[in-house]
Amino acid sequence: MMTSTPLAFPIATPARRSLLDMDQAALADFLAELGQPSFRARQVWDWIYKRCAGDFETMSNLPKELRAQLAATATVTPLTLVAEVVAHDRDTVKALFQLHDGQTIEAVLMLYDARRTLCISSQAGCAMGCTFCATAQGGLARNLTPGEIVAQVLYFARYLADPALPPDTSAERPTTITNIVLMGMGEPLHNYANVWTALHRLTAPDAFGLGARHITLSTVGLAPMIDRMADEGIQIGLAVSLHAPNDVLRTQLVPINKGYPVDEVLAAVRRYVAKTNRRVTFEYALMAGINDTPELAQEMAGKLQDILCHVNLIPLNPIPDSPFQPTSNEATARFAQILRDAGVATTVRLRRGIEINAGCGQLRRAAIAKTDRG
Ligand code: SAH
């Protein structure tokens, strides 16, 4: 059972100046052009990132004329919600957003026990071409701006803070986002600069202020970019989508492996761990008869022996027109056991969100198909 708003596609509107794409200096310049004193920038900044204001009207300490002027020329909500799907137990909420140019992206809120984890997109589409992934099928449309990345977080921060939403099921209804994962659409390290600008905004104490330890970036394994990450001032969690322990198989599933083979990726991960002292996660989507055999589990265990890591086994989310099917529970348990017996910490991730098409790119794909059919 699920509830869904109808998929209606608003006509794309020309971009208003998104204040989310400005740093503090740019915001100050923008407000100065409107004849405002310098302290206004700080006020607007706090409304955006500290109080997650969804419009200018709520910015009550700004003069009325300025609010009207800002509403006419600028925006703090560059995303338009076009579809929202809520799982029947209300613990997963998926949103499809339209950007100003008509592109669409997804974000998924997962309400785990004490955590409220938000999965966000870094690109509209993706250029990596993973053969089992719904997002890959349409290719890359474009990079998201830092503001479009941060806007997904601010949208759900407002969602959780809204007393009317989500429909209440528990006395301990969560009201803030506790964790962010960059595991939505796109390859975050293929949009490096914008992603890092967004990450700085999300972690800066004078902006959104979420601890870097609560953020995880998932990459297909662009090795040189992993090295670059290790040198950033803020050290967020790293997850690497491995899916196969050798080049022959991995290249079939993750074609970018041709450029960044398994051993190169693992070498970059070792350097990352050495520099940051942080445990890395390897993601492995189990596909029946493809990458789920005991031999591959052994090979995987051998490759990861000396790495401070953790393996996340994900039952494949089957996508339409794809030859790949999810592994059985038995094969999943067997694969996990071999890794554990070899001393590799392993968990099997819940198939959360499958019911609501929360797998990578699936809601967007369904919406595009529907639009194509008219
Ligand atoms: N580009 C990044 C992040 C986006 S996808 C990356 O590759 O890591 C987030 C995770 O979902 C990746 O591990 C990806 O391989 C996985 N994934 C994609 N399609 C999937 C599917 N159909 N079933 C299960 N996992 C999938």
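Source: prediction; values computed, not measured.

## Some points on the nonpolar core
Grouped together as the largest cluster of nonpolar side chains are 112 residues, with contacts concentrated most on Leu 19, Phe 156, Trp 196, Phe 282 and Leu 304. Those residues in contact with Phe 156 that lie beyond four places of it in its chain are Val 93, Ala 95, Phe 97, Ala 107, Leu 109, Leu 118 and Ile 177. With 5 residues, the next largest nonpolar core counts Val 108, Met 110, Tyr 112 and Cys 119 among its residues.

## Observations concerning the site of the ligand
In the neighbourhood of the ligand, 16 residues make up the surrounding shell, with Gly 186, Ser 218, Ser 241, His 243 and Asn 317 lying closest. At a separation of 2.6 Å, an oxygen atom of the ligand approaches a polar side-chain atom of His 243. At a separation of 3.3 Å, an oxygen atom of the ligand approaches a polar side-chain atom of Glu 283. Protein contact buries 93% of the 530 Å² of open area that the ligand shows by itself. Residue assignment for the shell around the ligand shows that the elements contributing at least two residues are strand 11 (215-219) and strand 13 (280-286). When grouped by side-chain class, the residues that make up the shell around the ligand number 7 nonpolar, 7 polar and 2 charged.

## Regarding the packing of aromatic side chains
This structure, assessed with the given rule, holds 7 aromatic pairs. Consider the rings of Tyr 192 and Trp 196, whose centres lie 5.8 Å apart with planes at 25°: the pair is stacked. Placement of the pair is Tyr 192 and Trp 196 together in helix 5 (residues 192-203), with a separation of 4 residues, close to one helical turn. Residue Tyr 192 shares its accessibility class with Trp 196, and that shared class is buried. What links up through ring pairs into an aromatic cluster is the set Phe 97, Tyr 155, Phe 156 and Tyr 159.

## Regarding helix 2 (residues 39-50)
Across its 12 residues, helix 2 extends 16 Å between first and last C-alpha, which sits within 8% of the 16 Å expected from 1.5 Å per residue. Buried within helix 2 are the following residues: Arg 40, Ala 41, Gln 43, Val 44, Trp 45, Trp 47, Ile 48 and Tyr 49. Elements in contact with the buried residues of helix 2: helix 1 (24-33), helix 3 (64-73), helix 4 (146-161) and helix 5. With its phi angle positive at about 50°, Cys 52 sits one or two positions after the end of helix 2.

## What about the pattern of salt bridges?
Across all of its chains, the model carries 11 salt bridges by this definition. Between Asp 101 and Arg 142 there is a salt bridge whose closest N-O contact spans 2.6 Å. Pair noted here: Asp 101 is in the loop between strand 5 (92-98) and strand 6 (104-111) and Arg 142 is in strand 9 (residues 140-143), with a separation of 41 residues, a long-range link. With a closest N to O distance of 2.9 Å, Arg 271 and Asp 227 form a salt bridge. Taken together, the positions of Arg 271 in helix 8 (residues 262-276) and Asp 227 in helix 6 (residues 223-230) put the pair 44 residues apart, joining distant regions of the chain. For Arg 271, a relative accessible area of 42% corresponds to the partly exposed category. Exposure remark for Asp 227: the relative accessible area of 24% places this residue in the partly exposed category. By sharing partners, the salt bridges in this structure join Arg 42, Asp 46 and Asp 206 into a single network.

## Topic: helix 6
Listed in full, the buried residues belonging to helix 6 are Ala 223, Ile 226, Met 229 and Ala 230. Taken down its axis, helix 6 places every buried residue within 105° of arc, on the same side. Elements in contact with the buried residues of helix 6: helix 5, strand 11, strand 12 (237-241) and helix 8.

## So, the pairing of strand 10 (residues 179-182)
Here strand 10 shows no split at all, with Asn 179 and Val 181 on one side and Ile 180 and Leu 182 on the other all buried. Sheet topology places strand 10 next to strand 11; 3 bridges connect them, and they run parallel. What sits directly across from Leu 182, in strand 11, is Leu 217. Following the chain from strand 10 across helix 5 to the adjacent parallel strand 11, one finds a crossover that is right-handed.

Parameters and conventions
Residues numbered from 1 in each chain as written. Predicted model: local features only at pLDDT ≥ 70, side-chain atom pairs only at ≥ 80, totals over all residues. Heavy atoms only, no water. Core = buried A, V, L, I, M, F, W, Y, C linked by side-chain atoms within 4.5 Å. Buried < 20%, exposed > 50% of the residue type's maximum accessible area, 1.4 Å probe, protein only. Contact = heavy atoms within 4.5 Å. Near = heavy atom within 4 Å. Polar contact = N/O pair within 3.5 Å; in protein donor to acceptor, adjacent residues only side chain to side chain. Areas by Shrake-Rupley, 256 points an atom, 1.4 Å probe, with all protein chains shown as cover. Helix = DSSP H or I, 4+ residues; strand = E, 2+ residues; numbered from the N terminus. Nonpolar A, V, L, I, M, F, W, Y, C, P; charged D, E, K, R; others polar. Phe/Tyr/Trp six-rings, centres within 6.5 Å; stacked < 30°, edge-to-face > 60°. Expected span 1.5 Å × (residues − 1). Salt bridge = Lys/Arg side-chain N within 4 Å of Asp/Glu carboxyl O. Arc of directions from axis to C-beta. Pairing = 2+ DSSP bridges. Right-handed = clockwise from strand over helix to strand, strands pointing away.

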